[in-house]
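Chain by chain, the residues run as shown.
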Amino acid sequence: MAPKQKTPIAEQDPKERCHNFKEVCLGYTLEEGIAEAKRCLQCKTAPCVKGCPVSIDIPGFIKAVAEGDMPKAAEIMGQYTNLPAVCGRVCPQESQCEGVCTLGKVPGFEPVAIGKLERLVADWKYEHTSDAKPQLPGEKKGRVAVIGSGPAGLTVAGDLAKKGYEVVIYEALHAAGGVLMYGIPEFRLPKSIVQKEIQAMKDLGVQVETNVVVGKTLTMQEILAQFDAAYIAVGAGTPHFQGVPGTTLNGVYSASEYLTRINLMHAYEFPGYDTPTKRSKRVVVVGGGNVAMDAARSAKRLGAEEVQVVYRRSLKELPARIEEYHHAVEEGIVFNWLTNPVEYMNDGNGQLCGVKCIRMELGEPDASGRRRPVAVEGSEFVIEADTAIEAIGQGSNKVLLSTFPELNLNKWGYIVADEKTGATSVPGVYAGGDIVTGAATVILAMGAGKDAAVAMDEYITKKRASA
Amino acid sequence: MFAIVSKRRIAPKEYDIWVEAPRIASHAAPGQFVVVKPDEHGERIPLTIADFDREKGQIRLIFQVVGKTTATMAALKEGQALQDISGPLGTPSEVENFGTVLMVGGGVGIAALFPILKDLKKKGNRVITILGGRTADLVIMKDECAQWSDELIITTDDGSEGMKGVVTDAMRAVVQRGEKVDRCWAIGPSIMMKFASQAAVELGIPVWVSLNPIMIDGTGMCGCCRVTVDNQIRFACVDGPEFDGAKVNWGEFMNRLRQYRDEEKISYDKYAEEVGDLSWL
Ligand SMILES: Cc1cc2nc3c(=O)[nH]c(=O)nc-3n(C[C@H](O)[C@H](O)[C@H](O)COP(=O)(O)OP(=O)(O)OC[C@H]3O[C@@H](n4cnc5c(N)ncnc54)[C@H](O)[C@@H]3O)c2cc1C
Ligand SMILES: Cc1cc2nc3c(=O)[nH]c(=O)nc-3n(C[C@H](O)[C@H](O)[C@H](O)COP(=O)(O)OP(=O)(O)OC[C@H]3O[C@@H](n4cnc5c(N)ncnc54)[C@H](O)[C@@H]3O)c2cc1C
Ligand code: SF4
Ligand code: SF4
Ligand code: FES
Ligand SMILES: [Mg+2]
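Model, not experiment: these values are computed from the prediction. (Residues numbered from 1 in each chain as written. Chains lettered and ligands numbered in written order. Predicted model: local features only at pLDDT ≥ 70, side-chain atom pairs only at ≥ 80, totals over all residues. Heavy atoms only, no water.)

Brief notes about the overall build of chain A
For chain A, the count of helices and strands is 18 helices and 18 strands. Taking the principal axes of its C-alpha atoms as reference, chain A extends roughly 70 × 60 × 50 Å. Here chain A holds 467 residues, and the buried ones make up 58% of them. Of all intrachain contacts in chain A linking residues separated by at least 6 positions in sequence, the fraction that spans at least 24 positions is 70%. Carbon and sulfur atoms form 53% of the exposed surface of chain A, whose accessible area is close to 18,800 Å². Each charge class in chain A can be summarised by its mean position, and for the 51 positive and 56 negative side chains these summaries are 3 Å apart. (Helix = DSSP H or I, 4+ residues; strand = E, 2+ residues; numbered from the N terminus. Buried < 20%, exposed > 50% of the residue type's maximum accessible area, 1.4 Å probe, protein only. Contact = heavy atoms within 4.5 Å. Areas by Shrake-Rupley, 256 points an atom, 1.4 Å probe, with all protein chains shown as cover. Lys, Arg positive; Asp, Glu negative; His and termini not counted. Charge placed at Lys NZ, Arg CZ, Asp CG, Glu CD.)

Side note on the UniProt feature "domain: FAD-binding FR-type" (unreviewed entry) in chain B
The UniProt record annotates "domain: FAD-binding FR-type" (unreviewed entry) at residues 1–95 of chain B. As a span, residues 1–95 of chain B carries 14% helix and 46% strand, and end to end its C-alpha atoms are 32 Å apart. (UniProt positions renumbered as here; feature names shortened; annotations may be inferred.)

Brief notes about the packing of helix 5 (residues 167–176) of chain B against helix 6 (residues 190–203) of chain B
For any two helices packed against each other, the geometry comes down to the angle between their axes and how far apart the axes lie. Residue and element names in this part refer to chain B. Where helix 5 contacts helix 6, the two axes come as close as 9 Å, and the packing angle between them is 20°. The angle between helix 5 and helix 6 places the two elements in the roughly parallel class. Where helix 5 crosses over helix 6, the handedness of that crossing is right-handed. Each of Val 167, Thr 168, Met 171, Arg 172 and Val 175 in helix 5 lies in contact with helix 6, whose residues at this interface are Met 192, Phe 195, Ala 196, Ala 199, Ala 200, Glu 202 and Leu 203. Split into classes, the residues belonging to the contact of helix 5 with helix 6 amount to 9 nonpolar, 1 polar and 2 charged. (Axes fitted to C-alpha atoms, helices over the stretch in contact; angles between N-to-C directions. Parallel < 35°, antiparallel > 145°, perpendicular 65-115°, else oblique. Left-handed = near helix turned anticlockwise from the far one by under 90°. Nonpolar A, V, L, I, M, F, W, Y, C, P; charged D, E, K, R; others polar.)

Concerning the nonpolar core
A:Ile58, A:Phe61, A:Ile62, A:Tyr231, A:Val285 and A:Met456 are the most contacted members of the largest nonpolar core, which has 112 residues in total. Top element by residues in this core is helix 18 (residues 442–466) of chain A. It accounts for 9 residues. Excluding its chain neighbours within four sequence positions, the residues that come into contact with A:Met456 are A:Val144, A:Val156, A:Leu160, A:Tyr165, A:Ala229, A:Ala230, A:Tyr231 and A:Tyr430. Membership of the second largest hydrophobic core comes to 39 residues, among which are B:Leu89, B:Ala170, B:Val181 and B:Val229. (Core = buried A, V, L, I, M, F, W, Y, C linked by side-chain atoms within 4.5 Å.)

A closer look at helix 9 (residues 261–275) of chain B
Residue and element names in this part refer to chain B. The end-to-end C-alpha distance of helix 9, which contains 15 residues, comes to 21 Å, matching closely the 21 Å that a straight helix rising 1.5 Å per residue would cover. Among the residues of helix 9, Glu 263, Ser 267 and Tyr 271 are the ones counted as buried. One face of helix 9 carries all of its buried residues, which in axial projection span an arc of 70°. Residues of helix 9 that are exposed and point over 90 degrees away from its buried face: Asp 262, Lys 265 and Glu 273. Elements that come into contact with the buried residues of helix 9 comprise helix 2 (68–74). Phi turns positive one or two residues past the end of helix 9, at Gly 276, with a value near 80°. (Expected span 1.5 Å × (residues − 1). Arc of directions from axis to C-beta.)

Let's talk about the site of ligand 2
Residues and elements named next belong to chain B. In the region of ligand 2, 24 residues are neighbours, and Glu 43, Pro 46, Gln 64, Thr 70 and Glu 264 sit closest. A distance of 2.7 Å separates an oxygen atom of ligand 2 from a polar backbone atom of Pro 46. In this structure, Gly 67 approaches ligand 2 through a main-chain N or O atom, which is 3.2 Å from an oxygen atom. Against a free-state accessible area of 850 Å², the protein chains account for coverage of 89% of ligand 2. At the level of secondary structure, the elements contributing two or more residues to the shell around ligand 2 comprise strand 4 (45–48), strand 6 (58–64), helix 2 and helix 9. Here the shell around ligand 2 gets 4 residues from one element, more than from any other, and that element is strand 4. Of the residues contributing to the shell around ligand 2, the split by class is 13 nonpolar, 6 polar and 5 charged. When residues of the shell around ligand 2 are assigned to domains, at least three map to each of domain 1 (2–89) and domain 2 (100–257). (Near = heavy atom within 4 Å. Polar contact = N/O pair within 3.5 Å; in protein donor to acceptor, adjacent residues only side chain to side chain. Domains from an automatic or database assignment.)

Focus: the domain arrangement of chain B
All names here are of chain B. Along its sequence, chain B is organised into domain 1 (2–89) and domain 2 (100–257). Here the C-alpha centre of domain 2 lies 21 Å away from the C-alpha centre of domain 1. With both sides pooled, the region where domain 1 packs onto domain 2 buries about 1,600 Å², and carbon together with sulfur makes up 62% of that total. Interface area lost by domain 1 to domain 2 is led by Pro 30, Phe 33 and Arg 44, which between them contribute 25%. Residue Lys 118 pairs with Asp 51 through a salt bridge whose shortest N-O separation is 3.3 Å. The tally of links from domain 1 across to domain 2 stands at 4 residue pairs in polar contact (both at pLDDT 80 or more). (Buried area = accessible area lost by both parts, 1.4 Å probe. Salt bridge = Lys/Arg side-chain N within 4 Å of Asp/Glu carboxyl O.)

Let's talk about the interface of chain A and chain B
Each partner contributes to the interface: chain A provides 44 residues, whereas chain B provides 44 residues. Around 3,700 Å² of area is buried between chain A and chain B when both sides are counted, 52% of it from carbon and sulfur atoms. Considering only the surface of chain A that becomes buried against chain B, A:Lys216, A:Thr248 and A:Asp274 emerge as the three largest contributors, covering 18% of it. Note that B:Arg23 is salt-bridged to A:Glu209, the shortest N-O span being 2.6 Å. Counting residues per element, the ones that place at least two in the side of chain A that touches chain B are strand 7 (238–239), strand 8 (252–254) and helix 13 (255–262) of chain A. Per-element accounting of the side of chain A that touches chain B gives the leading share, 4 residues, to helix 13 of chain A. Looking at the side of chain A that touches chain B, its residues break down into 18 nonpolar, 19 polar and 7 charged.

Section: the domain arrangement of chain A
All names here are of chain A. If you check the domain split of chain A, you get domain 1 (10–128), domain 2 (142–237 + 396–466) and domain 3 (240–394). Once you take the C-alpha centre of each, domain 1 and domain 2 turn out to be 27 Å apart. Listed as interface residues are 23 residues of domain 1 and, on the opposing side, 25 residues of domain 2. Contact between domain 1 and domain 2 buries roughly 2,000 Å² in total, counting both sides, with carbon and sulfur atoms accounting for 71%. For the domain 1 face of the interface with domain 2, the top three residues by lost area are Asn 82, Leu 83 and Tyr 126, together amounting to 32%. Summed over the shared surface of domain 1 and domain 2, the result is 0 salt bridges. On the surface where domain 1 and domain 2 come into contact, there are 8 residue pairs in polar contact (both at pLDDT 80 or more). By residue number, the principal contributor to the side of domain 1 that touches domain 2 is helix 6 (residues 84–90), which donates 6 residues. When its residues are assigned to classes, the side of domain 1 that touches domain 2 shows 14 nonpolar, 5 polar and 4 charged.

Here it is as structure tokens:
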């Protein structure tokens with residue numbers, strides 16, 4: 001019988017890592033990976049595959065790892081995912097593939113560490129593949145424009161390039177990668193890995209044009225005149241604020257700003273890089289998702305003496321990946337459950353000096369089925385703070401959408417797109433990722449891109465045949 | 001890369017450059033801006049599109065050296081390039097034939113005022129322009145503004161040119177002599193915009209200002225540029241940069257501009273130490 005626990009994996013010591021931005025998890029060695037792969041039961045029914053949004057042949061690649069055949073493992077994985085090094089690191093595995101793993105259902109047993117094995121294979125591949133460029137079909141089947149270079153855009157671009165299309169990605173920022181570059185911190189997802197995955201797309205012939213804000217630098221109308229089809233994957237990129245008094249004080253940030261400064265702009269290397277951020281002493285982070293964990297742990301790494309997370313529900317409802325929560329606790333982040341900010345307090349000079357909070361209790365279930373937090377009257381208290389970071393979610397960014405009214409949007413402002421194909425209300429225009437689903441996950445964005453690539457290939461092939 | 005095709009020093013610490021950026025030039029409108037990241041380790045800073053030439057595919061930027069990033073830009077020569085420029089960003093000015101417009105500019109804000117007044121003139125308005133500065137050689141773009149204005153009034157604090165005083169004195173003088181002004185734009189240092197807005201309200205003129213908060217992406221993604229207008233939080237990069245000057249929370253706006261004073265000084269001092277002589281600026 002397989003060992004009960006996952007094969008242990010090396011991590012940077014919490015005391016050390018909370019002072020640097022280097023990756024927390026150091027990954028399996030080949031031997032450790034083989035040992036972990038051997039824990040897999042090779043189930044005939046493979047529930048894990050159904051738990052994976054892109055249906056990776058998990059038993060297949062794990063078997064190859066168990067046999068020490070890494071090229072084969074990489075080959076199998078490459079058929080399903082374009083971003084294995086990313087997903088192996090940031091997928092919420094506990095609620096997906098690993099959540100349904102048969103081994104994990106046995107009392108006292110942990111599931112197979114599918115994500116960590118995926119990461120091992122992906123990292124092995126980057127170390128061992130030659131520089132030889134992949135062979136691409138010579139004649140092009142058509143031209144496709146992709147707007148946004150996050151996981152959804154990169155995936156659709158890679159798949160269509162493999163199918164023989166000329167693909168141009170337009171990205172608003174100066175660097176490609178979307179949230180992988182500007183949101184998720186270096187210590188969880190090294191930017192060199194993201195760059196390797198983007199280089200892999202470029203090797204497939206995908207062109208990436210940065211500094212192009214579609215709707216401003218180029219219009220959708222111009223794009224549609226030049227391309228056979230377009231894919232909109234602009235993410236859910238506009239931060240929400242709770243709107244409590246004091247939101248515009250100095251020292252109050254959206255997590256998007258806080259993390260963009262640090263990740264995309266390298267503020268943690270200031271003044272070696274020009275973009276500054278504050279070296280705070282006492283930080284309050286509002287929210288309970290991955291974004292909140294990332295902001296809290298980044299603040300700690302920038303030298304904050306105390307970082308407190310304020311979340312209006314309880315640990316049970318915490319939307320963040322459980323691994324990230326554990327890492328945060330190890331790094332000394334303090335959690336205030338059932339608490340909500342009601343005011344950012346002014347020190348008299350326009351600078352934040354404290355966050356006034358109120359205790360909450362869980363009431364009746366709301367529309368989402370989760371019990372709704374209600375404020376406990378008279379329970380206000382103040383957390384002293386020089387920095388507060390709101391990580392309470394994002395909404396749909398209107399920069400492109402407002403210039404393309406033909407596109408049907410839902411009541412939350414996201415694009416209405418067919419669940420299977422990504423087709424929108426405009427023929428030839430497809431969409432996917434966070435701009436369709438609202439803020440979700442990397443793997444769902446990638447899955448949307450994969451499905452759309454198939455549909456767009458069919459659409460263009462048909463269109464060209466009838467022309 | 002975006003090549004600098006021409007560069008001129010137009011006042012102490014103020015530079016006027018034309019940059020190759022065909023896509024931006026072909027879509028730009030008055031009131032819009034770009035975000036520039038000069039080099040690999042650079043920050044992203046917003047600069048107004050002071051003019052554009054669609055045929056040549058060029059845009060014009062006029063900037064004042066106030067810190068590290070603008071100093072590095074000033075050090076670039078014709079033929080060299082800026083690494084990243086994105087735009088045109090922000091909502092264009094609302095330009096139509098209003099009748100008589102009063103255009104008030106100060107400091108490097110004149111660069112932002114210029115494309116709007118030029119367009120207003122082309123659309124048939126009677127354009128009265130007031131440009132102010134501490135002293136004569138700090139008032140930029142006088143000839144160009146004169147060319148697109150029906151009347152140009154200059155004010156200087158020291159009286160070295162035009163009327164001695166500040167722009168609000170000139171605004172009041174224009175109304176007192178009997179002009180019926182339909183709209184006003186005031187663009188310049190925040191304190192000038194604040195007082196010009198107050199004066200416009202007193203004089204009963206609708207007033208637009210162009211806010212210049214700290215920005216990063218310029219596309220509504222970070223929320224760093226938030227300002228309070230009419231008691232509502234707005235993102236200046238997408239909802240602005242132009243807002244009703246009568247409704248801006250000026251105290252908060254000016255406070256937020258100070259957020260990184262300490263870090264900006266560290267950055268500039270380090271740069272000054274690395275490059276040595278900066279007296280040429
Ligand atoms: C801090 C943070 C941590 C996260 N952690 C995790 C995690 O651990 N695991 C997980 O699975 N998910 C995580 N997520 C969620 C995940 O990153 C997103 O769901 C995913 O990136 C969505 O991908 P996307 O391709 O739809 O869009 P994005 O990644 O948002 O990319 C969109 C891109 O489009 C560009 N763009 C926008 N407008 C335009 C325009 N008009 N023209 C051109 N380009 C434009 C943007 O600049 C951006 O680069 C996290 C998100 C954040 C913010
Ligand atoms: C929409 C808009 C249009 C602008 N147009 C022009 C223009 O045409 N010409 C011009 O000279 N200036 C313009 N500015 C201001 C210009 O962006 C700043 O002067 C510049 O960022 C200063 O950078 P620095 O590193 O040289 O100076 P720093 O020493 O870093 O900063 C000096 C001061 O500039 C402001 N500032 C700093 N960083 C930023 C930032 N990222 N974004 C905005 N302001 C910042 C702060 O108030 C700071 O105290 C504009 C700003 C905005 C928002
Ligand atoms: S992509 Fe995500 S869900 Fe699929 S196998 Fe990998 S870690 Fe699991
Ligand atoms: S469910 Fe678990 S044990 Fe079964 S094949 Fe998948 S990974 Fe292996
Ligand atoms: S600059 Fe980031 S939202 Fe305006
Ligand atoms: Mg600066």
